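Fold and contact review
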Number of protein chains: 2
Amino acid sequence: MKADLLVTGISQLATAQGAGPKRGAAMRAVRVTEHAALAVADGMVVWADREEAWTGEAAAAIDVGNRAVVPGLVDPHTHAVWAGDRLADFEARTSGVGYEAILAAGGGIWSTIRATAACPEDDLAALARPRIEALLRSGATTIEVKSGYGFVPGAELTMLRAIRSLGASTAARIVPTLLIHVPPRVASDRAAYVSHVCASLIPRVAQEELAAAVDVFVEKEAWSAEEAEAMLAAAHNNGLAIKLHTEQFQRVGGLELGLRLGALSVDHLEACVPEQFAAIAQSSTVATILPGVSLHLGLPPAAGRAMIDAGAAVAVGTDLNPGSSPLFSAALALALAVRLNGLTAQEALVAGTVNAACALGRTGREVTSRGRLEAGLAADFLVLEGSDWRDLVYTLGANPVRDVFVRGQRIAV
Amino acid sequence: MKADLLVTGISQLATAQGAGPKRGAAMRAVRVTEHAALAVADGMVVWADREEAWTGEAAAAIDVGNRAVVPGLVDPHTHAVWAGDRLADFEARTSGVGYEAILAAGGGIWSTIRATAACPEDDLAALARPRIEALLRSGATTIEVKSGYGFVPGAELTMLRAIRSLGASTAARIVPTLLIHVPPRVASDRAAYVSHVCASLIPRVAQEELAAAVDVFVEKEAWSAEEAEAMLAAAHNNGLAIKLHTEQFQRVGGLELGLRLGALSVDHLEACVPEQFAAIAQSSTVATILPGVSLHLGLPPAAGRAMIDAGAAVAVGTDLNPGSSPLFSAALALALAVRLNGLTAQEALVAGTVNAACALGRTGREVTSRGRLEAGLAADFLVLEGSDWRDLVYTLGANPVRDVFVRGQRIAV
């Protein structure tokens, strides 16, 4: 066998086994190969096993010095494109000012919407680039990025073009999503906006291939399940996958809608009740939980442990955004899921690789869609600082990731 | 005026004002100077004000590019010296195995004690060095490090010598503490151990100047208040300051003992009740809270907000240790104190600078003991990544600190 690169000195090669989203007890299926090596050619893994078993030839070799290697992480939920900042909001909220009062003063999400809508495409991409680089450095080799701060359709298109431009200028694999966010409360005609989204925005996004999926925010204060269904149906009719922000604060039918329509994922789920876990487990939909929001806002975390115990497939995302989750690390998102949502280290690795990839519909061989590092799969992997792979979710406050490889190339970040 | 170095381009120079530990409402006293500059000579600040007011001469200049500058942080509570690891414990605990069962199987703190006691001084220092570097990179220019995993007196001395060696080989200012930890349950004669600590270990530590303070762990499962008092009295008689780990799980008189004996700080305090806050507020003792433990173990956080409201002086530490707080960032400790303990950004800056310095008895002019950056005080400061100083406690998962200066020198970390 011939390879471009042989990676040796791997103390532990830890991978998430099996195809498709991992559910329930299967989420603990992590395989650890000790004293391993990994061979890469043309950006793909061509061989991975115990180092002593290698008999091929490699054009180059790297010894990682008795460190653990894990698959590249997938961050399935970010709002990494925004303008302005929310530091004044942060100060007000942490000083005891209520969210409603902040909104009434023109702060909160309105300030981000105003700043983002006023920002040219190139500037939006430039502002987002260091955030993407931070996520990449933290181990996320595939990153979903949503629009959604635009509101007026033209601004959504600008955001999606900024995301496309980002994708062309970073080593990370960027997966764009059209998010139809909470409509402005000043909107006098919600029905007209829904119609426009269905008849014009979604078809245009599909035609220009600006997004892989449409995500709708279903909440008492946002879209109703009925309004969402119209937009998600339009997405489906235009060949786009669907996702939902739902059950964050209330239950207004979003979860059931998502499962019925075959959503790739239902995201947030802090307000889910146990009776809903079995329904998720019986569906093809991934439950994406977002522990950064729980930490930042001090709200109860989603019941990740109970969802897995009920048989659901759980993924974890950063939800990177300036208002409710300024979390710039995919590794820390997994570490928080262990502390706040009750996942084990194994479940966190599965949640951050194969399940997150499935939440993005990224199951092709060209990406590290299954959390595995085997011949024929993409050579997206991380060299950790430590020799034990569990350090990925154990260490707090320092980056456990030493080197990031995408398509077999070490990324300078 | 002549300076060695002029630092310009400071968007905000944010400092904690005033002398002594900041209490209650005074903990919000942060002064922000915009468009600032800072001049350094011989490792000390010689001038700091608005940039336009500078009229002196500097041998060198650095433009930090419109970024915020804050004082170097003080981490007043770490156990950064240990051997072995606790990853197997971490996996067991997060998989539902109880702490008692882990201990019974020879894990938990026993595994750290065994590994540490068996580790030579040089190896202990070498293992600790990257941890200290991580804390320094996160903004901690002064770092307390405790012994306490030795148990047999000789091993405690080895730990303290390793800490001294660490201090000589890092740019961070290291403050060593002799910790008398939970005695082994196998100890057949607690009284004899206390006698040995009082009559031999403490005098020797004082004589060799191996520690600045003695810290005793008072808890139902550890030392009683009576046992602690004997050891703290010996510390006092040998000219050492005193501190206590107390009120972490139960109230067995540790807090009241610490206040009565004039402890520099009482640390943990998760089990404190409101009636105790006023007593802290009326004392000269700093209340040091440790949010990393709350996050890592999922235990209720200390009531930082209520303590400050009652008038107490609160400091924040990482409690870096392998079992209950693998938190390698002083900045993240402050960020967690905002989320978990209810501090404001201003209070967190005060808690992580002036109050933490007072918790270490470091109030001299040679250290950044007061959170100020003014003529005559040490030039320990941080250049943040962002232009708003509040980013120090807002950002999660990425290091908000771009450059660390100790004694006016930029540290390569």
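All figures in this text were calculated on a predicted structure; none of them were measured in a lab.

Superposition of chain B onto chain A requires a rotation of 180 degrees combined with a translation of 0.0 Å along the rotation axis, giving an RMSD of 0.0 Å. Taken together, the rotation and translation relating the two chain copies correspond to the operation of a two-fold axis. Using C-alpha coordinates, one finds that chain B approaches the rotation axis most closely at glycine 397 of chain B, a distance of 3.4 Å. By residue overlap, the copies meet face to face through one surface: 100% of the interface positions of chain B are interface positions in chain A.

All names here are of chain A. What the domain assignment lists for chain A is domain 1 (2-71 + 369-411) and domain 2 (74-359). The C-alpha-based centres of domain 1 and domain 2 are spaced at 29 Å. On the domain 2 side, the residues contacting the 35 residues of domain 1 number 38 residues. Carbon and sulfur atoms make up 66% of the area that domain 1 and domain 2 hide from each other, which totals about 2,700 Å². Summed over the three residues of domain 1 that lose the most area to domain 2, namely Arg23, Met27 and Val393, the buried surface amounts to 26% of that side.

A separate point is the sheet that holds strand β9 (residues 241-246) of chain B. Residues and elements named next belong to chain B. The strand order β5-β6-β7-β8-β9-β10-β11-β12 describes an open sheet built from eight strands, whose pairing is parallel. Each of the sheet's edge strands pairs with one partner strand only, and the pair in question is β5 (73-75) and β12 (314-316). On average, each strand axis in the sheet is inclined to that of its neighbour by 25 degrees, with strand direction left out of account. The pairing of strand β10 (residues 265-268) with strand β11 (residues 286-289) spans three bridges and is parallel. Among the inter-strand pairings, serine 265 is bridged to a residue of β11, identified as valine 286. Its contacts with the sheet place helix α4 (residues 121-137) against β5, β6 (140-146) and β7 (173-180), and it is angled at close to 145 degrees to β6.

A word on the interface of chain B and chain A. By a frequent convention, interface size equals the accessible area lost on bringing the separate parts together. Every contact between the two is made by 33 residues of chain B and, on the other side, 33 residues of chain A. For the pair chain B and chain A, the summed buried area comes to about 3,000 Å², and 65% of that belongs to carbon and sulfur atoms. Taken together, the links from chain B to chain A amount to two salt bridges. Of the charged contacts in the structure, one is a salt bridge between glutamate 91 of chain A and arginine 390 of chain B, with a shortest N-O distance of 2.4 Å. Inspection of the chain B/chain A interface yields twelve residue pairs in polar contact (both at pLDDT 80 or more). Where the side of chain B that touches chain A is concerned, the elements lending two or more residues are α1 (87-94), α10 (291-297), α12 (330-341) and α15 (391-394) of chain B. When its residues are assigned to classes, the side of chain B that touches chain A shows 17 nonpolar, nine polar and seven charged.

This part takes up unusual backbone geometry. Residue and element names in this part refer to chain B. A positive phi angle is found at glutamate 247, which is not glycine, with a value near 55 degrees. Mapped onto the fold, glutamate 247 is located in the loop between β9 and α8 (254-260). The phi torsion at aspartate 319 lies on the positive side, around 55 degrees, for a residue other than glycine. Following the sequence through the fold, aspartate 319 ends up in the loop between β12 and α12.

Looking now at the sheet that holds strand β15 (residues 409-411) of chain A. Residue and element names in this part refer to chain A. With respect to topology, seven strands assemble into an open sheet ordered β3-β2-β1-β4-β13-β14-β15, the strand pairing being mixed. Because the sheet does not close on itself, it has two edges, and the strands there are β3 (44-50) and β15. Strand-to-strand twist across the sheet, computed as the mean angle between neighbouring axes with direction ignored, equals 35 degrees. As paired elements, strand β2 (residues 30-41) and β3 share six bridges and run antiparallel to each other. Bridging across to β3, alanine 41 finds its partner in methionine 44.

Our next topic: the pattern of salt bridges. Residues and elements named next belong to chain A. Tallied over the full model, the rule gives 36 salt bridges over all chains. Arginine 305 serves as the salt-bridge partner of aspartate 309, at 3.0 Å between the closest nitrogen and oxygen. Pair noted here: aspartate 309 and arginine 305 are both in helix α11 (residues 304-309), with a separation of four residues, about one helical turn. We classify arginine 305 as partly exposed; its relative accessible area is 22%. Via salt bridges that share partners, Arg28, Arg305, Asp309 and Glu347 belong to a single interconnected network.

What counts and how
Residues numbered from 1 in each chain as written. Chains lettered and ligands numbered in written order. Predicted model: local features only at pLDDT ≥ 70, side-chain atom pairs only at ≥ 80, totals over all residues. Heavy atoms only, no water. Least-squares fit on C-alpha atoms with pLDDT ≥ 70 in both. Contact = heavy atoms within 4.5 Å. Domains from an automatic or database assignment. Buried area = accessible area lost by both parts, 1.4 Å probe. Pairing = 2+ DSSP bridges. Helix = DSSP H or I, 4+ residues; strand = E, 2+ residues; numbered from the N terminus. Axes fitted to C-alpha atoms, helices over the stretch in contact; angles between N-to-C directions. Salt bridge = Lys/Arg side-chain N within 4 Å of Asp/Glu carboxyl O. Polar contact = N/O pair within 3.5 Å; in protein donor to acceptor, adjacent residues only side chain to side chain. Nonpolar A, V, L, I, M, F, W, Y, C, P; charged D, E, K, R; others polar. Buried < 20%, exposed > 50% of the residue type's maximum accessible area, 1.4 Å probe, protein only.

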